[in-house]
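Reading the structure
The chain contents come next:
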Amino acid sequence: MEIIKIAGVDEEIYFTTSNCGLPIYVWKQEYAKSFYLSLNVNYGSIHTDFMIDGKKYKVPQGIAHFMEHIKFNINKNTTANDLFDPLGSDINAFTTFKYTSYLVYGTSKLKDNLNALLDYVYNPYFTKEMIKKEKDIIASEINMGKDQPYNRLYFAFNDAIYHKEKYKYLITGEIEDIKKIELKDIELIYDNFYHPKNMFLIVTGNVNPYEIEKIVNDNLEQKEFKTYKNPIITTIKEPKYVCKKEIILSTNVEVEKAKIGLKIPKKGFKGFDDVKLNIILNIILSSNFGDSSDLKDELLQNNIITYLSASRFVLNDYIVIDITIESKILQEAINRIKEALNNLQIKEDELKRKINSSIATLVLNYEDVENVNNMIQTYLIYYHKLIPNLKEIYESITLDDVKKVIDAITTKEMTIVTMRKDK
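**Some thoughts on the overall build of the protein chain**
Helix and strand counts for the protein chain stand at 15 helices and 17 strands. The C-alpha atoms of the protein chain give 23 Å as radius of gyration, which agrees with the globular expectation for 423 residues (22 Å, within 12%). Reported as C-alpha extents along the three principal axes, the dimensions of the protein chain are approximately 60 × 50 × 45 Å. Across the 423 residues that make up the protein chain, the buried fraction comes to 57%. Residue pairs in contact within the protein chain that sit at least 24 positions apart in sequence constitute 80% of those at least 6 positions apart. Carbon and sulfur atoms make up 46% of the accessible area of the protein chain, which amounts to about 20600 Å² in all. Each charge class in the protein chain can be summarised by its mean position, and for the 56 positive and 60 negative side chains these summaries are 6 Å apart.

**Topic: the sheet that holds strand β1 (residues 2-6)**
Neighbouring strands of a sheet are bound in pairs by backbone hydrogen bonds; such pairs are parallel or else antiparallel. Strands sit in the order β1-β2-β3-β11-β4-β10-β9 across an open sheet of seven strands; the sheet is mixed. The sheet is open, and its two borders are formed by β1 and β9 (90-95), each paired with just one other strand. The sheet shows a mean angle of 15° between the axes of neighbouring strands, direction not considered. Sheet topology note: the β1/strand β2 (residues 11-17) ladder contains five bridges and is antiparallel. Pairing of Ile-3 across the sheet is with Tyr-14, part of β2. Most of the contacts of helix α1 (residues 63-70) go to β9, to which it runs at about 165°, and overall it touches β9 and β10 (100-106). Against the sheet, helix α3 (residues 110-121) contacts β4 (35-41), β9, β10 and β11 (199-205), and its axis sits at roughly 15° relative to β4.

**Remarks on the environment of Pro-209**
With respect to the element layout, Pro-209 can be found in helix α8 (residues 209-220). A relative accessible area of 3% means that Pro-209 is categorised as buried. Distance in space between the C-alpha atoms of Pro-209 and Phe-15 is 8.5 Å, their sequence separation being 194 residues. If near-sequence neighbours (up to four positions away) are discounted, Pro-209 is found in contact with Met-1, Tyr-14, Val-26 and Lys-28.

**Describing the sheet that holds strand β12 (residues 232-233)**
On the basis of which strands lie adjacent, the open sheet formed by three strands has the order β6-β5-β12 and antiparallel pairing. Of all the strands in the sheet, the pair left with one neighbour each is β6 (55-58) and β12. Across two bridges, the pairing between strand β5 (residues 49-52) and β12 is antiparallel. Across the sheet, residue Phe-50 finds its bridge partner in β12, namely Ile-233. Packing of helix α7 (residues 183-193) onto the sheet brings it into contact with β5, β6 and β12, and relative to β5 it is tilted by some 60°.

**With respect to the domain arrangement of the protein chain**
In many analyses, interface size is given as the accessible surface area lost on bringing the parts together. Domain parsing of the protein chain yields domain 1 (2-233) and domain 2 (246-421). Averaged C-alpha coordinates put domain 1 and domain 2 at centres separated by 28 Å. Contacts between domain 1 and domain 2 engage 44 residues on the former and 41 residues on the latter. The junction of domain 1 with domain 2 conceals about 3500 Å² of combined surface from both sides, 74% of it contributed by carbon and sulfur atoms. It is Tyr-150, Leu-153 and Phe-157 that lose the most area in domain 1 upon contact with domain 2, and together they represent 19% of the buried surface on that side. Between the two partners, domain 1 and domain 2, sit zero salt bridges. Counting across the interface, domain 1 meets domain 2 through 12 residue pairs in polar contact (both at pLDDT 80 or more). Elements that contribute at least two residues to the side of domain 1 that touches domain 2 include exactly β1, β2, β3 (23-28), β4, β10, α5 (149-161) and β11. Considering each element in turn, the side of domain 1 that touches domain 2 owes the most residues, 10 residues, to α5. Its residues assigned to classes, the side of domain 1 that touches domain 2 shows 28 nonpolar, 10 polar and six charged.

**Structural notes on empty space enclosed by the protein**
The tally for this structure, following the rule as stated, stands at one cavity of 30 Å³ or more. The volume enclosed by the largest cavity comes to roughly 40 Å³. In terms of lining residues, the largest cavity is bounded by Ile-6, Ala-7, Leu-362, Tyr-366, Tyr-379, Ile-387, Pro-388, Leu-390 and Lys-391. Each residue belonging to the lining of the largest cavity can be placed in one class, and the counts come to eight nonpolar, no polar and one charged.

**Here's the deal with the pattern of salt bridges**
The full count for this structure, using the stated rule, is 26 salt bridges. Salt-bridge contacts for Asp-185 lead to Lys-184; the nearest nitrogen and oxygen are separated by 3.6 Å. Looking at Asp-185, the relative accessible area reads 8%, which means it is buried. You can call Lys-184 exposed: its relative accessible area is 54%. We note a salt bridge from Lys-263 to Glu-238, for which the minimum N-O separation is 2.6 Å.

**Focus: the packing of helix α9 (residues 274-289) against helix α15 (residues 399-408)**
Axis separation between α9 and α15 bottoms out at 10 Å; the angle between their running directions is 80°. One finds that α9 runs roughly perpendicular with respect to α15. In contact with Lys-276, Leu-277, Ile-280, Leu-281 and Ile-284 of α9, α15 contributes Asp-401, Val-402, Val-405 and Ile-406. The residue makeup of the contact of α9 with α15, split by class, is seven nonpolar, no polar and two charged.

Parameters at a glance
- Residues numbered from 1 in each chain as written.
- Predicted model: local features only at pLDDT ≥ 70, side-chain atom pairs only at ≥ 80, totals over all residues.
- Heavy atoms only, no water.
- Helix = DSSP H or I, 4+ residues; strand = E, 2+ residues; numbered from the N terminus.
- Rg over C-alpha atoms; globule rule 2.2 N^0.38 Å.
- Buried < 20%, exposed > 50% of the residue type's maximum accessible area, 1.4 Å probe, protein only.
- Contact = heavy atoms within 4.5 Å.
- Areas by Shrake-Rupley, 256 points an atom, 1.4 Å probe, with all protein chains shown as cover.
- Lys, Arg positive; Asp, Glu negative; His and termini not counted.
- Charge placed at Lys NZ, Arg CZ, Asp CG, Glu CD.
- Pairing = 2+ DSSP bridges.
- Axes fitted to C-alpha atoms, helices over the stretch in contact; angles between N-to-C directions.
- Domains from an automatic or database assignment.
- Buried area = accessible area lost by both parts, 1.4 Å probe.
- Salt bridge = Lys/Arg side-chain N within 4 Å of Asp/Glu carboxyl O.
- Polar contact = N/O pair within 3.5 Å; in protein donor to acceptor, adjacent residues only side chain to side chain.
- Nonpolar A, V, L, I, M, F, W, Y, C, P; charged D, E, K, R; others polar.
- 1 Å grid on protein atoms, 1.4 Å probe; cavity = no way out; pocket = protein on both sides within 12 Å on 5 of 7 lines; lining within 4 Å.
- Points joined across faces, edges and corners; volume = space filled by probe spheres on them.
- Parallel < 35°, antiparallel > 145°, perpendicular 65-115°, else oblique.

Okay, structure coming up:
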């Protein structure tokens, strides 16, 4: 078992691989009174086109989320809840664009909980009747999601930003997509993506890493897995320009909302890897649009906005910057945000405060079993590795680095999506 030391925070993460190929990450905290388990699949809503053994496959949108739902069925009369309720544990699952995660939170009976998690996720029980029943349930979920203003705004924004990327589409899929899902599609996904070699387990809490390894090996050795065929996700060449410059949504929303987005080729950010670029972008956005920024304070004080947030998304070939606002005088708020995007700035003392604050947050995160689990999950999904030197990366950032990133941020490819009151 490998012990990975987390520099600057006096923490360790244990890493090993089970006999059948499942990567296992364990963070041990002897003072923790609970544990958190996540069994994660490198399969999300954007992975609908892929190749296996040279053959191309295309499955319906929403199938990753659909799989998450029906995975809770163990047999005709038993669900995952029947396993965990007697253990007094909380279970959950979620699907994102890039992965699916099955979660367990508990305070006792670790071995029983871990075995139950492995037993229900690695249980290929699927029937036509189950799939038919689940379609109605998910259709209701899709309709409810469309009634949520921020959900509508978010996917309209993605539709404006992307031409071909699957981020355009609902994670749940549309109702017409769900109707297309068949038993053979579910079996195809399970056999090829729900394989230990395409998944990873994270265990955080007051646990023994070597005991975790033994429990996993003992459990999985009782199961049969097909030969892993290493499916290859079909890559998409996304144009560098936004798909739509403007989208206007009419609704009965009480306070009007908008998203202002930038799409910027990543080749302009030379000399920065994804980790450092992500950090610097976050610092820039926080300084210019965050809770402690002069702009947000002014806009709130003058009742120009009621809400403001900023985020960034670093992809393979470009980055996306997303500014979200609520305002009763929406156009004025949009104009102010556009002006700010063209005049991004940060002072050295502000940079130092942001770096120190980020390092403090990093240290504090290691006091919570869920936070650590989520951190490891994020690293593995977005960077395909742990980042044991994150504190050192923060400390290496200079004002020149930040200015270089600001200089590369261009508003040439901008989209504005507004959600306005019905007239």
